[in-house]
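Remarks on the overall topology
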Amino acid sequence: MVADSAGVEEISEGRTVVVAEDEALIRLDIVEALKDAGYDVVGQAASGQEAVDLTKELKPDVVVMDVKMPGRDGISAATEIGENNIAPVVMLTAFSQRSLVEKAADAGAMAYVVKPFVPEKLLPALEVAMSRYDQINALRDEVTDMKARFEARKRVDRAKGLLMENMGLSESEAFRWIQKTSMDRRLTMQEVADAVIAQVDGED
């Protein structure tokens, strides 16, 4: 468990998870750690295809997916889950090579954890993945064109980074600030992000 177990359980309360890991003992450890933290593990898979099928059926809040699995690997499975916008995916990998991390990101993974996993790394990664997934969906609702959405996401990510650096906010707090400001001022989130970037750049 992480040090602030009460905070983690508050965030994870009622959150559902599908765990995809072909090594039974590791899968059991992950499931126990998630249950201890207050998550509801609704499905377990030993292959990439099984993970996709369970995710489509159960529609969990987040998926924990091993990269290397028999038959269909985790990268391919995460790609299908991401393309269908079903749930955020946290990738587990025994390899820390940049190329594999980039593949996971391209597949739509919202976060990754290098094995051997420990709860102190896995649990925050789940929170980050769910937060980023919510942010992307908020932008998807605001911007329908794929190319424009990608540009908006880049600008919002840049503004989030500046707010985190200059105001001491967490990533989710920075996004909520942008989202609230856009609603209060009847602007798009990209317009708010552009204003933040222009103001900070102007101060440099």
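Scroll up to find the structure this text is about.
What counts, and where the lines are drawn
Sequence order as written defines the numbering, with residues in each chain counted from 1. Local features in a predicted model are, by the rule used here, given only for residues with pLDDT of at least 70; side-chain atom pairs are given and counted only at 80 or more, and totals for whole chains, interfaces and linings are based on all residues. Each side-chain value is derived from all of the structure's non-hydrogen atoms; neither hydrogens nor water enter the calculation. Numbering of helices and strands runs from the N terminus; a helix is a DSSP stretch of H or I covering at least four residues, while a strand is a stretch of E covering at least two. Only protein chains enter the area calculation, which uses a 1.4 Å probe; residues under 20% of their type maximum are buried, those over 50% are exposed, and those in between are partly exposed. It only takes one pair of heavy atoms within 4.5 Å for two residues to be counted as in contact. Only the protein chains shown count as cover for residues, and all accessible areas are computed by the Shrake-Rupley method using a 1.4 Å probe. Fitted lines through C-alpha atoms serve as axes, helices being fitted only where they are in contact, and the angles separating the N-to-C directions of these axes extend from 0 to 180 degrees. Small angles under 35 degrees read as roughly parallel and large ones over 145 as roughly antiparallel, with 65 to 115 read as roughly perpendicular and the rest as oblique. The crossing is said to be left-handed when, going from far helix to near helix, the turn is anticlockwise and less than a right angle, and right-handed when the turn is clockwise. When residue character is reported, Ala, Val, Leu, Ile, Met, Phe, Trp, Tyr, Cys and Pro are called nonpolar, Asp, Glu, Lys and Arg charged, and the others, Gly included, polar. Strands are treated as partners if at least two bridges between them are detected by DSSP. Note on handedness: a crossover is taken as right-handed if, strands pointing away from the viewer, the path from the first strand over the helix to the second is clockwise. What a helix should span is 1.5 Å times the count of its residues minus one. As used here, the arc is the angular range of directions from the helix axis to the C-beta atoms.

Focus: the overall build of the protein
- Secondary structure assignment for the protein yields 9 helices and 5 strands.
- Along the chain direction, N to C, the helices and strands of the protein fall in the order α-β-α-β-α-β-α-β-α-β-α-α-α-α.
- Out of the 204 residues in the protein, the part that is buried amounts to 44%.
- Excluding contacts between residues fewer than 6 apart, the proportion of contacts in the protein whose partners are at least 24 apart in sequence is 62%.
- Surface exposure of the protein reaches about 10900 Å², of which carbon and sulfur atoms provide 49%.

With respect to the packing of helix α2 (residues 24-36) against helix α6 (residues 119-142)
- Closest axis-to-axis distance for the α2/α6 pair is 11 Å, and the angle between their directions is 65°. As far as their axial angle goes, α6 and α2 are roughly perpendicular. The handedness of the crossing between α2 and α6 comes out as right-handed. Residues I30, A33 and L34 of α2 lie in contact with α6, whose contacting residues are P119, L122, L123 and L126.
- Partitioned by chemical class, the residues of the contact of α2 with α6 number 7 nonpolar, no polar and no charged.

Thoughts on the pairing of strand β2 (residues 40-45)
- Bridging between strand β1 (residues 16-20) and β2 involves 5 bridges; their strand directions are parallel. Looking at β2, one finds that T16 is bridged to D40.
- A crossover connection joins β1 to the parallel β2 through α2; in handedness this β-α-β unit is right-handed.

Quick word on helix α3 (residues 48-58)
- Among the residues of α3, those classed as buried are G48, A51, V52, L54 and T55.
- Where α3 is buried, its residues contact β1, β2, β3 (62-66) and α4 (74-83).
- Residue K59 follows α3 closely and has a positive phi angle near 50°.

Regarding the packing of helix α7 (residues 146-167) against helix α8 (residues 171-184)
- Look at α7 against α8: their axes get within 9 Å of each other, and the N-to-C directions meet at 115°. With respect to α8, the element α7 is oriented roughly perpendicular. Handedness of the crossing formed by α7 with α8: right-handed. Residue-level inspection shows V156, A159, K160, L163, M164 and M167 of α7 in contact with α8, the latter providing E171, A174, F175, W177 and I178.
- A breakdown of the residues in the contact of α7 with α8 according to their chemical character gives 9 nonpolar, no polar and 2 charged.

Considerations on α2
- The terminal C-alpha atoms of α2 lie 18 Å apart, and with 13 residues this matches the ideal 18 Å at 1.5 Å per residue to within 8%.
- Taken residue by residue, α2 has R27, I30, V31, A33 and L34 as its buried positions. Down the axis of α2, the buried side of the element spans an arc of 165°, and every buried residue falls inside it. When the buried face of α2 is taken as reference, the exposed residues oriented beyond 90 degrees from it are L25 and D36.
- Looking at the buried side of α2, the elements it contacts are β1, β2, β3, β4 (89-93) and α6.
- In the segment just after α2, G38 is the residue with positive phi, at about 100°.

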